[in-house]
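Per-entry structural report
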Amino acid sequence: MPETLSPQQARKLILHAQRLPAGKQTTKPISATLAAIEALGYVQIDTISAIERAHHHTLWNRTSTYQPQHLEQLVEQKQVFEYWAHAAAYLPMSDYRYTLVRKAALQSGELAHWYPRNNKLMADVLARITAEGPLMAKDFDKDEAVIKRKPADWASKPAKRALEFLFMQGDLMIAKRANFHKVYDLTERVLPCSVNTSIPSDDAYFRFLITRFLSANGLGKASEIAYLRKNSKRAIQKKLNAMLEEKSLIEVTVAGESYVTLTEQLETLERPIKRNKLHILSPFDNLLIQRKRIQALFNFDYLLECYVPQAKRQYGYFSLPILWDTNLVARMDCRVDRKTKILHIHHLVLEANLQKTAAFHLALQQSLTAFLIFNQCDEYVLHKTTHLS
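This is a predicted model, so every value here is computed, not measured. (Residues numbered from 1 in each chain as written. Predicted model: local features only at pLDDT ≥ 70, side-chain atom pairs only at ≥ 80, totals over all residues. Heavy atoms only, no water.)

**What to know about helix H2 (residues 29-40)**
Turn by turn, an α-helix covers 3.6 residues, leaving residues three or four places apart pointing in a common direction. Relative to the 16 Å expected for twelve residues at 1.5 Å per residue, H2 spans 17 Å between its end C-alpha atoms, a close match to the ideal helical length. Three or more residues of H2 are buried, namely Ile 30, Ala 32, Thr 33, Leu 34, Ala 36, Ile 37, Ala 39 and Leu 40. A positive phi of about 95 degrees marks Gly 41, the residue just after H2. (Helix = DSSP H or I, 4+ residues; strand = E, 2+ residues; numbered from the N terminus. Expected span 1.5 Å × (residues − 1). Buried < 20%, exposed > 50% of the residue type's maximum accessible area, 1.4 Å probe, protein only.)

**Remarks on the pairing of strand E7 (residues 249-254)**
Here three bridges tie strand E1 (residues 3-5) to E7, and the two strands are oriented parallel to one another. Each residue of the ladder has a partner; that of Thr 4, found in E7, is Thr 253. Sheet topology note: the E7/strand E8 (residues 257-262) ladder contains six bridges and is antiparallel. Bridging from a neighbouring strand, Ile 250 pairs with Thr 261 of E8. Hairpin connection, E7 to E8: the antiparallel pair is bridged by two residues, and Ala 255 has positive phi, about 50 degrees. (Pairing = 2+ DSSP bridges.)

**Some points on the packing of aromatic side chains**
By the definition in use, this model includes 13 aromatic pairs. Plain terms: the ring middles of Trp 60 and Phe 374 are 4.7 Å apart, the flat faces sit at 15 degrees to each other, and that makes the pair stacked. Note that Trp 60 is positioned in helix H3 (residues 54-60) and Phe 374 in helix H13 (residues 357-374), a separation of 314 residues in sequence. Here Trp 60 falls in the buried class, since its relative accessible area comes to 17%. The residue whose ring lies beneath Arg 331 is Tyr 315, and the NZ or CZ to ring-centre distance is 4.2 Å. (Phe/Tyr/Trp six-rings, centres within 6.5 Å; stacked < 30°, edge-to-face > 60°. Lys NZ or Arg CZ within 6 Å of the ring centre and 35° of its normal.)

**Here's the deal with the domain arrangement of the chain**
Here the domain parsing of the chain yields domain 1 (94-190) and domain 2 (278-387). Averaged C-alpha coordinates put domain 1 and domain 2 at centres separated by 36 Å. (Domains from an automatic or database assignment.)

**Re empty space enclosed by the protein**
Leftover empty space is mapped by rolling, across the atoms, a probe with the size of a water molecule. Following the criterion strictly, the structure yields four cavities of 30 Å³ or more and no others. One number sums up the size of the largest cavity: a volume of about 550 Å³. Forming the boundary of the largest cavity are 29 residues, of which Tyr 42, Ala 85, His 86, Arg 212 and Arg 229 lie nearest the centre. Listed by contribution, the elements that provide at least two residues to the lining of the largest cavity are strand E3 (80-84), helix H9 (202-217) and helix H10 (222-225). Looking at which element gives the most residues to the lining of the largest cavity, the answer is H9, with seven residues. Partitioning the lining of the largest cavity into residue classes produces 16 nonpolar, seven polar and six charged. Two domains each provide a minimum of three residues to the lining of the largest cavity, namely domain 1 (94-190) and domain 2 (278-387). Taken as a whole, the second largest cavity encloses approximately 50 Å³ of empty space. Around the second largest cavity, the lining residues are Leu 15, Leu 20, Pro 21, Ile 273, Lys 274, Lys 277, His 279, Leu 323, Trp 324, Asp 325 and Thr 326. (1 Å grid on protein atoms, 1.4 Å probe; cavity = no way out; pocket = protein on both sides within 12 Å on 5 of 7 lines; lining within 4 Å. Points joined across faces, edges and corners; volume = space filled by probe spheres on them. Nonpolar A, V, L, I, M, F, W, Y, C, P; charged D, E, K, R; others polar.)

**Remarks on the sheet that holds E7**
Pairing between sheet strands relies on hydrogen bonds along the backbone, with the strands arranged either parallel or antiparallel. Taking strand neighbours across the sheet as the criterion, the three strands line up as E1-E7-E8 in an open arrangement whose pairing is mixed. Every interior strand has two partners, whereas the edge strands, E1 and E8, have only one. Direction aside, neighbouring strands of the sheet carry axes that sit 40 degrees apart on average. Contacts between H9 and the sheet are confined to E7 and E8, with E8 contributing the most and set at about 95 degrees to the helix. (Axes fitted to C-alpha atoms, helices over the stretch in contact; angles between N-to-C directions. Contact = heavy atoms within 4.5 Å.)

**Remarks on the side chain of His 70**
Looking at the secondary structure, you find His 70 in helix H4 (residues 69-76). Of the polar contacts made by the side chain of His 70, one reaches the side chain of Thr 33; its length is 2.8 Å. Discounting residues that sit within four places of it in the chain, His 70 has contacts with Pro 29, Ile 30, Thr 33 and Thr 65. (Polar contact = N/O pair within 3.5 Å; in protein donor to acceptor, adjacent residues only side chain to side chain.)

**Let's talk about the nonpolar core**
Counting residues in hydrophobic clusters, the biggest one holds 69 residues, and the most contacted among them are Leu 219, Leu 287, Phe 298, Met 332, Leu 343, Phe 360 and Phe 371. Of the residues forming this core, the biggest block, seven residues, is contributed by H13. Each residue touching Leu 287, except ones within four places of it in the same chain, is listed here: Ile 14, Leu 15, Gln 18, Leu 20, Arg 62, Leu 281, Ile 294, Phe 298 and Leu 323. (Core = buried A, V, L, I, M, F, W, Y, C linked by side-chain atoms within 4.5 Å.)

**A short note on the pattern of salt bridges**
For the coordinates displayed, the defined rule picks out 13 salt bridges. Arg 207 serves as the salt-bridge partner of Glu 246, at 2.9 Å between the closest nitrogen and oxygen. Here the residue Glu 246 occupies a position in the loop between helix H11 (233-245) and E7, and Arg 207 occupies one in helix H9, the gap between them amounting to 39 residues. With a shortest N-O distance of 2.8 Å, Glu 351 and Arg 331 are connected by a salt bridge. Linking Glu 351 in the loop between strand E12 (342-350) and H13 with Arg 331 in strand E11 (residues 327-337), this pair joins segments that are 20 residues apart in sequence. Just as Glu 351 is buried, Arg 331 falls in that class too. (Salt bridge = Lys/Arg side-chain N within 4 Å of Asp/Glu carboxyl O.)

**Let's talk about the sheet that holds E3**
Strand order across the open sheet formed by three strands is E2-E4-E3, with antiparallel pairing between neighbours. The open sheet has two free edges, formed respectively by strand E2 (43-44) and E3, since each of these has just one partner strand. By the bridge criterion, five bridges tie E3 to strand E4 (residues 88-92) in an arrangement that is antiparallel. Bridged to Trp 84 within E4 is Ala 88. Lying on the sheet, H2 is in contact with E2, E3 and E4; it crosses E4 at an angle near 110 degrees.

Here it is, written out as structure tokens:
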């Protein structure tokens, strides 16, 4: 019979796996950052800068000594690299070989890229980087015939599309970023020679996807592990069943729903959670990526409304979920004014499940002090508060 977990136990399992709150730090700051990336499996990169960018925000919540330059240093040291998880992300170099499955599928045409293949342009781009060394997309601007109409976004430039295609299929890697612009170089010049570059078997690949997801997320199901991995759910479910038979996984139920977890994960239920610790999360935080999962396990209905027309927004442009006492209990729409160094909290929304409001506001005040420093602000202004009923 599957073991039954209460919703609170399930959340505890998830939060321990997600390193929320972070444990006591005993290593050097940059080592702690690397350990956080290795534990999470990836950290999503996003360009929105209403506050400090998402990849920094996510890591800041996992290690108290995090500094934005850590990512740059880890890329330079070739301990992390950029590639695709469910979106653009930083990944630990130890996971590199498992990206080869997607790269091989793109090269063979088995997996479609979002850009059409232009073999001649790709060859020209590759030849220039081979001869000249690392280049950015703007280095190709004078070489290409710019489309007559005004481009809607960066993707309209053919050379940039070619660079991204070569990057996604593995011919190029991102050697570094310059003012957040990607600098591309040949994979053979970026990749450490010690890295395993053999393509894993299907069995090894799906076992990796399952164990990587569960170690980072505590528990899950095939549909969650297959999230945005086209045509993979059936193979993942088959491997899940095999791992259940060999007892490397355990089936558990939460509120009538069936999940699996790693055998050793259940041991974390014996460890306490710091209930007075409050976390102001990025909308792109690993905990929140799958909205249906968060709705089911945390009873938190979340939508990032920056992609919603202004007139239809309910909570605000860039609303940050707030985690407290193992629950998602609030959200606040924030934007940094970098000229005045003021963090504007345009709308603080308290969920209906928030009971101890005085204790919450104390915890929020304490977290805001650190959040201001992280965002290089001197003060904050709270414009509006709503408590949902």
